[in-house]
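Inside the fold
Here is how the chains run, residue by residue.
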Amino acid sequence: MRLGVSEVLERTSKMTSHEDRVRMLKENESPALRAMLQGVFDPRIVWLLPDSDPPYKENDLPDQQNVLLREYRKMYLFVEGGNPNLKQTRREFLFIELLETLDPQDAKLLLSVKNKHLPYPGVTRDVVLEAFPGLF
């Protein structure tokens, strides 16, 4: 079974060497993982959401770790240049709706990505660039 994005980052964070972290990211590459890492580290990505975390109801359904692997495609709605005609209230509503469909760990990850912070020590800009050259 494929690991969810937050699972990959958590396992990567627990690795002790730079090389192991790079290998873990490469072995578990997915468009969703790349999008999350780009959302954090790429300075060109500007989030069009409030700094504070929105109120949302955590998803309590089992086995939701792979939802982010398909739902990451909606991220363009929340960044500058993605959909300039979308009203801000609608954008925020869609973001909350997305958070509520994700596994709780992936929702927390997405909130931290929005805030340009990754809650996984050791998953640094250098590790990401070595694993995915040219990502940003």
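Please refer to the structure placed before this passage.
Before going into details, it helps to say that this report is about the structure given with it. (Residues numbered from 1 in each chain as written. Predicted model: local features only at pLDDT ≥ 70, side-chain atom pairs only at ≥ 80, totals over all residues. Heavy atoms only, no water.)

Now for the environment of Leu-25. Structurally, the position occupied by Leu-25 is in helix H2 (residues 18-27). The sequence separation of Leu-25 and Thr-12 amounts to 13 residues, and the corresponding C-alpha distance is 7.0 Å. (Helix = DSSP H or I, 4+ residues; strand = E, 2+ residues; numbered from the N terminus.)

Now for the environment of Pro-121. Looking at the secondary structure, you find Pro-121 in the loop between helix H6 (104-114) and helix H7 (125-131). Taking the C-alpha atoms as reference points, Pro-121 and Glu-10, 111 residues apart in sequence, are found 8.8 Å from one another.

To continue, consider the packing of helix H1 (residues 5-14) against H2. Two measures define how a pair of helices packs: the angle their axes make with one another and the distance between the axes. Taken N-terminus to C-terminus, the directions of H1 and H2 make an angle of 165 degrees; their axes are 8 Å apart at the nearest point. Classified by the interaxial angle, the pair formed by H1 and H2 is roughly antiparallel. Crossing angle aside, the handedness with which H1 passes H2 is right-handed. Side by side, H1 and H2 meet where Val-8, Leu-9, Arg-11, Thr-12 and Ser-13 of the first sit next to Arg-21, Met-24 and Leu-25 of the second. Split into classes, the residues belonging to the contact of H1 with H2 amount to four nonpolar, two polar and two charged. (Axes fitted to C-alpha atoms, helices over the stretch in contact; angles between N-to-C directions. Parallel < 35°, antiparallel > 145°, perpendicular 65-115°, else oblique. Left-handed = near helix turned anticlockwise from the far one by under 90°. Contact = heavy atoms within 4.5 Å. Nonpolar A, V, L, I, M, F, W, Y, C, P; charged D, E, K, R; others polar.)

Purely geometric numbers; function is a separate question.
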